[in-house]
Amino acid sequence: MSGPRLLVILLAALVLGGALLACDAMPGPQPTPTVVGTPLPTAPPTDTPAPTDTPVPTDTPVPTPTEGAVRTPVGGPAGPEFMAALAAMDAAPTYSYTLRMELGPTSTRYLLTGSGRHQPPAGYDTNYSALGYHTEIAVISGTTYFRNFGVWKQGLPDAGAFPMGPPPDMPAILGLLTYAADAGLAPEGSDGPDAPSPRHLQFRLDPDGLAGPGGPGLGASGGDLWIDPETHRYVRLILHFGRPDAPADNAGQLQMDFLDYGAPVILTPPALPSPAGD
């Protein structure tokens, strides 16, 4: 065999051998490794917003001592403070009150005075005096009692029990404030040094659906409310009666002063006369 041909054969053998060595050096398919332990966390979905700090409102209303009944918010500059007073009275402990109601023109003014006590949640005992007549009404555990001409009876009084008309119903009186449409602070300087409290609110009542205490035609148009600056409880309430559609002799006002919050009050049913024949 000639030299050039032998050289070509040797070169081809070297190329083939190198190719085979290269194939032997390449790794074959490897098994998928098993991951042991906690998997790495995945990124949150792209549509989930990142948490942010809640902004603090700049117009936080006056805090209430406790939440009371759900009511329509009262408007006006002092609306939140008025709502705080309503909630405070919902949660108020026992208290006492005095009252003075004046109706009609000065020459023939009807004057009713009285005092009473409140025992939560709905117990009342109120004494009334008007034109020489003395009456007492007590509501204890949902039962009404009334004393007229010195005799106690159970149940709602009939129309003939009060010649001068029934006295105002205290829960209904206080319930009128829940109809307030708006409230504001009394004008600066409107109170003197003997004011019952430095927090003096004035409110307007929504006339829709208001029958008012004291009989047909008597309507409360609004009033003044003095509250304790710390507890928000009532100190003095003055309701103004008389609207354009009400009779002139029903114009006037009712003043209530509240005191002795938390003092012991225990209301017990009165002794009733024995039925005839016993």
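Residues numbered from 1 in each chain as written. Predicted model: local features only at pLDDT ≥ 70, side-chain atom pairs only at ≥ 80, totals over all residues. Heavy atoms only, no water.

### What about the nonpolar core?
With 41 residues, the main nonpolar core has Phe-82, Phe-203 and Tyr-234 as its most contacted residues. When residues in this core are grouped by element, the largest group, five residues, is from strand S1 (residues 95-103). Not counting residues up to four positions away in its chain, the partners in contact with Phe-82 are Val-74, Leu-177, Ala-180, Ala-183, Leu-201, Phe-203 and Leu-225. (Core = buried A, V, L, I, M, F, W, Y, C linked by side-chain atoms within 4.5 Å. Buried < 20%, exposed > 50% of the residue type's maximum accessible area, 1.4 Å probe, protein only. Helix = DSSP H or I, 4+ residues; strand = E, 2+ residues; numbered from the N terminus. Contact = heavy atoms within 4.5 Å.)

### A look at the side chain of Thr-135
You can see Thr-135 is positioned in strand S4 (residues 133-140). What Thr-135 contacts, discounting residues up to four positions off in sequence, is Thr-126, Asn-127, Tyr-128, Arg-147, Asn-148 and Phe-162.

### Here's the deal with the pattern of salt bridges
Across all of its chains, the model carries seven salt bridges by this definition. A salt bridge links Asp-125 to Arg-117, with the shortest nitrogen-to-oxygen separation between them at 3.0 Å. Residue class for Asp-125 comes out buried when judged on its relative accessible area of 11%. Arg-147 serves as the salt-bridge partner of Glu-136, at 3.1 Å between the closest nitrogen and oxygen. Of this pair, Glu-136 sits in strand S4 while Arg-147 sits in strand S5 (residues 143-148), placing them 11 residues apart in sequence. The class of Glu-136 is buried, set by a relative accessible area of 11%. The exposure class assigned to Arg-147 is partly exposed, which follows from its relative accessible area of 22%. Members of the salt-bridge network, linked through shared partners, are Arg-100, Glu-102 and Arg-109. (Salt bridge = Lys/Arg side-chain N within 4 Å of Asp/Glu carboxyl O.)

### Side note on the sheet that holds strand S2 (residues 110-119)
Taking strand neighbours across the sheet as the criterion, the 11 strands line up as S6-S5-S4-S3-S2-S1-S11-S10-S9-S8-S7 in an open arrangement whose pairing is antiparallel. The open sheet has two edge strands with one neighbour each: strand S6 (151-154) and strand S7 (180-185). Recorded for the sheet is a direction-independent mean angle of 15° between the axes of neighbouring strands. (Pairing = 2+ DSSP bridges. Axes fitted to C-alpha atoms, helices over the stretch in contact; angles between N-to-C directions.)

### A few points about the environment of Arg-233
Looking at the secondary structure, you find Arg-233 in the loop between strand S9 (220-227) and strand S10 (234-241). For Arg-233 and Ala-84, which are 149 residues apart along the polypeptide, the C-alpha to C-alpha distance reads 8.6 Å.

### Notes on the confidence of the model for the protein chain
Of all residues in the protein chain, 65% attain a pLDDT of 70 or more, and the chain-wide mean is 75. Counting contacts from residues 48-67, a segment whose pLDDT is below 50, to residues more than four positions away or on other chains yields 15 contacts. Between residues 211-217, whose pLDDT stays under 50, and residues either more than four places distant or in other chains, the model counts 12 contacts. (pLDDT = per-residue confidence, 0-100.)

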